[in-house]
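This is what each chain is made of:
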Amino acid sequence: MTIALDCHIRTIPNFPKPGIMFRDITPLLAHPQAFRESITQLADHFRDQGVTHVAAAEARGFIFATPLALELNAGFIPVRKPGKLPFDTQAFHYELEYGTDSLEMHIDALREGDRVLMVDDLLATGGTMRACIQMAENSKAVVVGCAFLIELTFLPGRKKLGDYNIVSLIKYDEE
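Basis of the calculations
- Residues numbered from 1 in each chain as written.
- Predicted model: local features only at pLDDT ≥ 70, side-chain atom pairs only at ≥ 80, totals over all residues.
- Heavy atoms only, no water.
- Pairing = 2+ DSSP bridges.
- Helix = DSSP H or I, 4+ residues; strand = E, 2+ residues; numbered from the N terminus.
- Axes fitted to C-alpha atoms, helices over the stretch in contact; angles between N-to-C directions.
- Parallel < 35°, antiparallel > 145°, perpendicular 65-115°, else oblique.
- Left-handed = near helix turned anticlockwise from the far one by under 90°.
- Contact = heavy atoms within 4.5 Å.
- Core = buried A, V, L, I, M, F, W, Y, C linked by side-chain atoms within 4.5 Å.
- Buried < 20%, exposed > 50% of the residue type's maximum accessible area, 1.4 Å probe, protein only.
- Expected span 1.5 Å × (residues − 1).
- Salt bridge = Lys/Arg side-chain N within 4 Å of Asp/Glu carboxyl O.

**Some details on the sheet that holds strand β9 (residues 166–172)**
Sheet strands line up and pair through hydrogen bonds in the backbone, either parallel or antiparallel.
Part 1 of the argument: The strand order across the open sheet built from five strands is β4-β3-β7-β8-β9, with neighbouring strands paired in parallel fashion. Each having just a single partner strand, β4 (75–79) and β9 make up the two edges of the open sheet. Each strand of the sheet is rotated relative to its neighbour by a mean of 20°, with strand direction disregarded.
Part 2 of the argument: Pairing of strand β3 (residues 53–57) with β4 involves five bridges; the strand directions are parallel.

Here it is in structure tokens:
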């Protein structure tokens, strides 16, 4: 029996600021069957693609990426804010709407030919995922695809990611 995942997403108007409809994933996380179903559905899209690693940016991406890595019998690669990883890192600096941000991953996390699945909870503008992809490709890894629980289709995230295999389980067409 397939569980309707969207029933487990809570919409909170005007958070974190007026005009924003925040999509809260915590009810889904609190429901073991819905959480398990989300991981199974994401894994089903990538099971036969030879995924060797699953990478995600902190923090909510970790929630989905770690069980997904186990489901795909793959390693997990954490992508973190600067200064959070203990070993030598590569960094990627990227533009935000109002400023810049940076992410880092260990320099030995991925190697040439590794097949990596990039994961996050939400696809909105695509900036964070684009940065993660760039670091994976700098390591000469093959990006198999990008997996998201939620996609905000009214924002340009999918377009920013280009031709990658993008899977999102729940789509919202309006704010």
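**Some thoughts on the packing of helix α2 (residues 32–46) against helix α3 (residues 60–71)**
Part 1 of the argument: Where α2 contacts α3, the axes come no closer than 9 Å and their chain directions differ by 60°. Taken as axis vectors, α2 and α3 run oblique relative to one another. In terms of crossing hand, the pair formed by α2 and α3 is right-handed. Facing α2, whose interface residues are Phe 35, Ser 38, Ile 39, Leu 42 and Ala 43, α3 presents Ile 63, Phe 64, Pro 67, Leu 68 and Glu 71.

**Here's the deal with the nonpolar core**
Part 1 of the argument: By size, the foremost hydrophobic cluster in this structure holds 30 residues, and its most contacted members are Val 54, Leu 72, Leu 117 and Val 119.
Part 2 of the argument: Listing elements by their share of this core, those giving two or more residues are α2, β3, α3, β7 (115–123), β8 (142–152) and β9.
Part 3 of the argument: When sequence neighbours within four positions are dropped, the list of residues in contact with Leu 117 reads Phe 46, Val 51, His 53, Val 54, Ala 55, Leu 68, Leu 72, Gly 145, Cys 146 and Ala 147.
Part 4 of the argument: Listed in part, the 25 residues of the second largest apolar core include Ala 57, Val 143, Phe 148 and Tyr 164.

**Section: the pairing of β9**
Part 1 of the argument: The buried fraction of β9 is high, at five of seven residues.
Part 2 of the argument: Bridge count for β8 against β9 is six bridges, and the pairing is parallel. Note that in β9 the partner of Ala 147 across the bridge is Val 167.

**Observations regarding the environment of Gly 145**
Part 1 of the argument: Here Gly 145 shows up in strand β8.
Part 2 of the argument: The class of Gly 145 is buried, set by a relative accessible area of 0%.
Part 3 of the argument: For the pair Gly 145 and Phe 46, spaced 99 residues apart in sequence, the C-alpha to C-alpha distance is 8.1 Å.
Part 4 of the argument: Apart from residues no more than four positions distant in its own chain, Gly 145 is found in contact with Phe 46, Val 116, Leu 117, Met 118 and Asn 165.

**Some remarks on helix α4 (residues 127–138)**
Part 1 of the argument: When the terminal C-alpha atoms of α4 are compared, their 16 Å separation across 12 residues agrees well with the 16 Å that a helix rising 1.5 Å per residue should span.
Part 2 of the argument: Residues Gly 127, Met 129, Ala 131, Cys 132, Ile 133, Met 135 and Ala 136 constitute the buried set of α4.
Part 3 of the argument: Positive phi appears at Lys 140, one or two residues downstream of α4, with a value of about 65°.

**Brief notes about the pattern of salt bridges**
Any two side chains of opposite charge can pair, so long as their charged atoms come close to each other.
Part 1 of the argument: By the definition in use, this model includes seven salt bridges.
Part 2 of the argument: Arg 10 is the salt-bridge partner of Asp 24, the closest N and O atoms lying 2.8 Å from each other. Of this pair, Asp 24 sits in strand β2 (residues 21–24) while Arg 10 is found in strand β1 (residues 10–13), placing the two residues 14 residues apart along the sequence.
Part 3 of the argument: Under the relative-accessibility criterion, Asp 24 is labelled buried at 9%.
Part 4 of the argument: Two residues, Lys 81 and Asp 101, come together in a salt bridge whose shortest N-O distance is 2.7 Å. With Lys 81 in the loop between β4 and β5 (89–96) and Asp 101 in strand β6 (residues 99–106), the pair connects residues that are 20 residues apart, well separated along the chain.

**Thoughts on the environment of Phe 35**
Part 1 of the argument: Inspection of the secondary structure puts Phe 35 in helix α2.
Part 2 of the argument: Taking relative accessible area as the criterion, Phe 35 reaches 21% and is therefore assigned partly exposed.
Part 3 of the argument: Taking the C-alpha atoms as reference points, Phe 35 and His 8, 27 residues apart in sequence, are found 9.2 Å from one another.
Part 4 of the argument: Non-local contacts of Phe 35, meaning those with residues more than four positions away in its chain, are made with Leu 28, Leu 29, Ile 63, Phe 64 and Pro 67.

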